[in-house]
Amino acid sequence: KDLEELARTKTVLLKDFFQAEPPSTKGEDLVELWRQIYDEEVKNTVVKTAQGPSDDLSNPVFPYEKLQAIVGDGGHWKWPRIWRRFDELERRGTAFRPGDAANFDLPNSNPNITSQKVLVVGGGPVGLRLAIELKLGGHQVTVFEKRREHRNAQGELQQLGFTNRINRPHVFNFLRNDLERLNGRDFMSSKMCYPVFTQGDTSSIGIDELQLLLLKNALLLGVDFQLGMSYEDANIVLDPKNQKPQWRVKFSCDDLAAEHYGLSSGTQESNFDVLMGCDGARSRVRESQKGIFGEVDKRNFKKMIGVVANIQKVSRQRLKELGFPSGQEPTDMKRAHLASGAGSMTGLNYYKASYHNYVIFTPSKEDLQQAGFGGSIYSFHAGRDKVNPNKVEEKAKLKRWVLERCKEVGIPVDESQSNGGFVEEPNDVMAFDFSEIWKCKKNFSFNLPPPTYDVQEHGPWTGSSLVAPIGLVGDAVTEPFWIAGVGLQRGWNGVMDACYLIDNLYNMSFSGGVDPMETTSWNDHVQKLQQVIPKLYDCSHDGRMTREGLQGEHADQGVVMMQLNKQMKDAEKPQWQLRVDPFYRYEQFAKQLEEKYRGARILENMHPVVRRTLALRKDGDRSEAPDPHQKLLSVDGRQLVVAPAAYDHVPVAQPAQPAQASQPQPPQLPLIPEPEVAKRASSKSENLQAMLSKQIDEHVQRTRSSAFDDERWVAIDAVSPKGFAELAEKQWDVMTEKHLNPAQKAELLHVRNMIKSLQQQIASLNSSLEGFQRAERELLTNAQVN
C-alpha cells in the first residue's frame, strides 16, 4: 500500500514534469517540481541491475531508472516510449554496466574513461547538452546557473531568469534528430513540436523551449543542477601526494540557494577536476582565466544590424480585420526584402511559434542611421537586459521601424494589443551589431602528471606547469553569426569535442586516430591529446561536418545503408546522430575512417551505427517486455513485498460435485496477461506515431512553399574547404546583395523593372483571357436557353 501511494504521488508529479513547457512554466518551476519528485525517499530507492542491487557509490543508476521502477508506465501510453528512449541513449565508461539490458548486447564504446568531477558554468542550451553527454560518459556533473527570475507584486519582470529568452535559432536536421532522441516529441506538446519537427527549411526552436527540454533530460539522468550559484573565480591547487591539479572554484549563492544547500552567505569554495565555461559571450570563466585563453581576437565583419522582434499572436477574427481574408497567418519566410526608403536589400527571417511569432530584419547600419537611430542600442547584450529608461525613445523608434517593415512584407501585428502587439519587455525588440565579431585563441587546455605519479617516490613535480582541464563551449568561445544558424551547430559539435577530450584524459589507448593503440609513455599520450585540440576547434568553428552530418541523414549509397541493405530487405534508414567520436562528424577525420570501409572491407568491418541499429531492432522485436516493477528491491530502506497480480491467483480446489447434465460450453480462450496487452498497445501506438510523423515530414518536403525555397538561398556544398560558417555568411551577402558593385546594382534594378513590367502585362493578358472565356460561357448558355 505504501508503494501504491508513492507511485500515485510520483505519477501525478511526473505527469506535470513531462508536460511542463513555456511560457506557463519557467526553469525555476521545473527545478522546484523535480525536487518534489526526486526526494530522499526516491534517492534511497534500490533497484536490481545485472551487477546486483544498485548503490549510489559502487553501482549507481540514473534517477529515471529508479522512477521507472516505482511508477512503471503511470497509466500513460507514452511513458514506456519515454523510458525506452532513455535506455537507448548510448552509455560510455563507468555509465556502461556490463550485462545490463540497456546495453542491447553491444560493447562499451570507451571502457577506458576515468570518471571526472566536472563543473559546467551556465545552464543555457549548450551547458545543459554538455552536462547530459558527460553524464552518459560516467562523469560526476554539476551545473552552476546564477540567473533566477524575479517579479514584483504586480507581476512585472525585475530580473531575468535563465529561461526567459524566447528568440528562435534555426534547427539543422542533425540537431532535430538529437532533440528527437532526447524525447523532444514527447516532452513538448504537438503545438510546440510542429515548428521543430515538421517545418522544412525554416525549422526553429525557442531558446526557452530548448532549455526546458534539455533540463528535463539532464535531471532525469542525474545532473546536479544548482540554481542561484554564481561562479566568480578559480585557482589551480595540487594534490600533495600525486600532484594532480584541480580547480579550487570560488562562487557565491543567492538566499534561496544558500537555504536549500545549507550554505552561509558570502564566497564559497569547492574543488573540481574539470572546469567548463558555457556561460555565454560575457563568459566569466574566460575572463577569469586570461592567462590560459588569452585576449580574444576581433575582426571587422559586416556593417549590418540584426533587428529582432517577437510579436504576439493574433486571433483569426482579428486577422480578417487586419486584411488577411482567410484568417490565417502567412507561412514562414526566409528571403530578402527591399525596405521602403532603404538603399539596399534587407534580409528577412519569419518563424511562427506556438505562442508568438519571431521575425529578424538585417538592414545595414547606415540605413538605420538614416532612419533616425542614434546607434546607442546596438550592442549584442543590451537587448537581453532590463530595458534602460534612457533608451525608451530609441526603442520606440525601433518598434515603429519594425512595424513598418512588417506591414510591407505582410506580417500581422495587432497594435491594439498590449505593448503595441509585441511581447513583454525585454524580448519585444532587440538590435545586435555585427560590424565586429570575436573569437578565442583556444578553447581547451590541460597538462596533467601521470596517474601513477607519487611525490614520495618521484619528488616534487619539475616539468612544465600543471593545468587542470579547462574549456569553453558555445558563445563563450566565439561570437556566432546566429542569423545564418551557426550558433547551435558550433555549440553541439563543441559539446561532443569537449566530451571526447575529457573522456580520454587518462585513456592510454588513445591514439588520435581511428583505432585505439596502446601508448608507451604518458608524455606521448598528453602530446597526442594536445595535438588534436586545435584540429577539433577549427572543425567546430568552421562547421566542417561531413555531408551526411549537414544533411542529417545517411546517404543511400553510403556505408551504413549498404551494410544495412545486406542485412535486411528494404532496410529503414536510421537517423543520423551526433557521436562523441569526431571521426563520424568532421570531414577531415571521416576521410581516415573511409579506409576501413573501402572496397571489399565494407563487408568485413561492420559500422558502429549498423551494429547499434540491428541491436535496437532485435531488442524491439522481443515478444515479452520485463515488468519495470520487478527491478524494484527497496524504497527508503523498506524491503518490497509484491502481491501477486490478479492473473497469477490460483483458486483453492473445491470438493467434487455430482455430475449434472449441462449444455456444452464454448471453449475458453486463453487469458492474455495485462502487461502483454499494455506492451502490444504501446508498440502499436508507437508504430502509428512513427508512421504519421514520417508521412508528415514527407508531405512537408513535397509541398515546400515558395517562401521556404528562395533560389538565392542556395544549398551549401558540404565538401567545400571553406567550411559551413564562412559559406553561410557569404550566402547571406548574396541574399542581401552586398556583393554587387554599383554597375551591377543598376543592371539588377533594370532587370527587376522589366520583370515587374512583364508581370503587369501577363496579369493584363490573363484578365483579358478570363473576360473572353466568360463571354464564351455566356454565349453558350444563352444559346441553350433560347
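So, how was this worked out
- In every chain, residue numbers begin from 1 and rise along the written sequence.
- Per-residue local features are limited, in this predicted model, to residues with pLDDT of at least 70; the limit for side-chain atom pairs, both in listing and counting, is 80 or more; totals at the level of whole chains, interfaces and linings are taken over all residues.
- To obtain the side-chain values, all non-hydrogen atoms of the structure were used and water was disregarded.
- Going along the chain from the N terminus, every DSSP run of H or I of four or more residues is numbered as a helix, and every run of E of two or more is numbered as a strand.
- The contact definition used throughout considers only heavy atoms, calling two residues in contact when any of these lie within 4.5 Å.
- To measure how exposed things are, a 1.4 Å probe is used in the Shrake-Rupley method; for residues, cover is taken only from the protein chains shown.
- Confidence of the predictor at the level of single residues is given by pLDDT, which spans 0 to 100.
- In short, DSSP must find at least two bridges between two strands for them to pair.
- The convention used is that axes are lines fitted to C-alpha atoms, helices contributing only their stretch in contact, and that angles between N-to-C directions extend from 0 to 180 degrees.
- In the sections that follow, a salt bridge refers to a side-chain nitrogen of Lys or Arg positioned within 4 Å of a carboxyl oxygen of Asp or Glu.
- Using a 1.4 Å probe on the protein chains alone, a residue whose accessible area is under 20% of its type maximum counts as buried, one over 50% counts as exposed, and one in between counts as partly exposed.
- Joining through side-chain atoms within 4.5 Å is the link that ties buried Ala, Val, Leu, Ile, Met, Phe, Trp, Tyr and Cys residues into a set, and such a set is a nonpolar core.
- Here a polar contact is taken to be a pair of N or O atoms separated by no more than 3.5 Å, where protein atoms must pair a possible hydrogen donor with a possible acceptor and residues adjacent in sequence count only if both atoms sit in side chains.
- Two aromatic rings, drawn from Phe, Tyr or Trp (for Trp, its six-membered ring), form a pair once their centres lie within 6.5 Å of each other, and the interplanar angle then sorts them: stacked below 30 degrees, edge-to-face above 60, tilted otherwise.
- Counting as a charge over the ring demands two things of the Lys NZ or Arg CZ atom: a distance within 6 Å of the ring centre and an angle within 35 degrees of the ring normal.
- Handedness of each helix crossing follows the sense of rotation of the near helix against the far helix: counterclockwise by less than a right angle gives left-handed, clockwise gives right-handed.
- As a working rule, the residues Ala, Val, Leu, Ile, Met, Phe, Trp, Tyr, Cys and Pro are called nonpolar, Asp, Glu, Lys and Arg charged, and the rest polar, with Gly in that last group.
- Whenever a pair of cysteine sulfur atoms sits within 2.5 Å, that pair is classed as a disulfide.

## Some remarks on the overall build of the protein chain
Assigned secondary structure in the protein chain consists of 26 helices and 22 strands. Counting only contacts in the protein chain whose residues sit at least 6 apart along the sequence, the fraction spanning at least 24 positions is 71%. Here the protein chain displays about 38900 Å² of accessible surface, and carbon together with sulfur accounts for 51% of that area.

## Some words on the confidence of the model for the protein chain
Averaged over every residue, the pLDDT of the protein chain is 84; residues scoring 70 or more account for 82%. Contacts from residues 644-653, a stretch scored under 50 in pLDDT, to residues over four places away or in other chains number 3 contacts. Overall, residues 703-716 carries pLDDT values under 50, and its contacts beyond four positions in sequence, including any with other chains, amount to 30 contacts.

## Details of the sheet that holds strand β2 (residues 52-53)
The strand order across the open sheet built from 4 strands is β2-β1-β21-β22, with neighbouring strands paired in antiparallel fashion. Of all strands in the sheet, those bounded by a partner on one side alone are β2 and β22 (638-639).

## Some remarks on the pairing of strand β8 (residues 229-238)
For β8 and strand β9 (residues 245-253), the ladder comprises 9 bridges, and the chain directions are antiparallel. Within β9, the position partnered with Val237 by the bridge is Gln246. Here β8 folds back onto β9, and the loop between the two strands holds 6 residues, one of which, Gln243, carries a positive phi near 65°.

## Remarks on the sheet that holds β8
Pairing is antiparallel across the open sheet formed by 3 strands, whose spatial order is β8-β9-β10. In this open sheet, the two edge strands, each paired with only one partner strand, are β8 and β10 (268-272). Taken over all neighbouring pairs, the strand axes of this sheet differ in orientation by 30° on average, direction set aside.

## A look at the pattern of salt bridges
This model, assessed by the stated rule, comprises 41 salt bridges. Note that Arg97 is salt-bridged to Glu65, the shortest N-O span being 2.7 Å. Residue Arg97 is located in the loop between α5 (79-88) and β3 (117-121), and its partner Glu65 is located in helix α4 (residues 63-71); the two are separated by 32 residues in the primary sequence. In this pair, the class of Arg97 matches that of Glu65, namely buried. The closest approach of N and O atoms between Asp497 and Arg585, which form a salt bridge, is 2.7 Å. Here the residue Asp497 occupies a position in helix α18 (residues 486-503), and Arg585 occupies one in the loop between α21 (559-567) and α22 (587-593), the gap between them amounting to 88 residues. Within this structure, Arg92, Arg129, Glu133, Asp178, Arg181 and Asp503 form a network of salt bridges that share partners.

## What about the nonpolar core?
Judged by nonpolar contacts, the single largest core of 101 residues is most densely connected at Phe17, Trp83, Leu130 and Met276. Residue contributions to this core peak at 9 residues, all from α18. If we ignore the near neighbours within four places in the chain, the residues touching Trp83 are Leu14, Phe18, Tyr64, Leu67, Gln68, Val71 and Gly72.

## Quick word on the environment of His525
Here His525 lies in helix α19 (residues 522-542). For the pair His525 and Asn504, spaced 21 residues apart in the sequence, the C-alpha separation amounts to 9.5 Å. Excluding residues within four positions of it along the chain, His525 makes contact with Asn504, Leu505, Tyr506, Asn507, Met508, Phe510 and Thr519. At 3.3 Å, the side chain of His525 and the backbone oxygen of Asn507 are in polar contact.

## Here we look at the side chain of Ser252
By the secondary structure assignment, Ser252 is in strand β9. With residues near it in sequence (within four places) discarded, Ser252 still touches Gly228, Met229, Ser230, Glu232 and Gly266.

## Some thoughts on the packing of aromatic side chains
This model, assessed by the stated rule, comprises 23 aromatic pairs. Between Tyr64 and Trp83, the ring centres sit 6.2 Å apart and the planes meet at 15°, which makes this aromatic pair stacked. Separated by 19 residues along the polypeptide, Tyr64 in helix α4 and Trp83 in helix α5 bring together distant segments of the chain. Ring geometry for Tyr500 versus Phe510: centroids 5.7 Å apart, planes at 65°, classification edge-to-face. With Tyr500 in helix α18 and Phe510 in the loop between α18 and α19, this pair connects stretches of sequence that are 10 residues apart. By relative accessible area, which is 4% here, Phe510 ends up buried. Each member of the aromatic cluster is reached from another via a ring pair, and the members are Phe17, Phe18, Trp34, Tyr38, Phe62, Tyr64, Trp79, Trp83, Phe86 and Phe187. In this structure, Lys191 packs its charged tip against the face of Tyr355, placed 4.8 Å from the ring centre.

## Quick look at the environment of Thr114
Considering the arrangement of structural elements, one finds Thr114 in the loop between α5 and β3. Residue classification places Thr114 among the partly exposed positions, given a relative accessible area of 37%. Linking Thr114 and Tyr506, residues 392 residues apart in sequence, is a C-alpha distance of 6.2 Å.

## Points about the side chain of Gln226
Summarising the element assignment, Gln226 is placed in strand β7 (residues 224-227). A distance of 2.7 Å separates the side chain of Gln226 from the side chain of Asp224, its partner in a polar contact. If we skip the residues at most four places from it in the chain, Gln226 touches Thr142, Val143, Phe144, Glu145 and Tyr261.

## Some thoughts on the packing of helix α6 (residues 125-136) against α18
The packing of two helices is summarised by the inter-axis angle and the distance between the axes. Where α6 contacts α18, the axes come no closer than 9 Å and their chain directions differ by 35°. Our pair here, α6 against α18, has a crossing hand that is right-handed. Contact with α6, carried on its side by Pro125, Val126, Arg129, Leu130, Glu133 and Leu134, involves Gly491, Trp492, Val495, Met496, Ala498, Cys499 and Ile502 of α18 and no other residues of that element. Classifying every residue of the contact of α6 with α18 by side-chain character gives 10 nonpolar, 1 polar and 2 charged.

## Some words on unusual backbone geometry
Omega for the bond connecting Pro22 with Pro23 falls within 30 degrees of zero, at 5°, which places this linkage in the cis form. Here Pro23 shows up in the loop between α1 (2-19) and α2 (27-37). One non-glycine residue, Asp105, lies in the positive phi region at around 60°. On the secondary structure map, Asp105 appears in the loop between α5 and β3. One non-glycine residue, Asn419, adopts positive backbone phi at about 55°. The residue Asn419 is located in the loop between α16 (392-409) and β17 (429-433) in this model.

## Quick word on the state of the cysteines
Applying the stated rule across the entire model yields 0 disulfides. Among the cysteines around Cys499, which has no disulfide bond, Cys278 carries the closest sulfur, lying 9.7 Å off. In this structure Cys499 comes out as buried when scored by relative accessible area, which is 0%.

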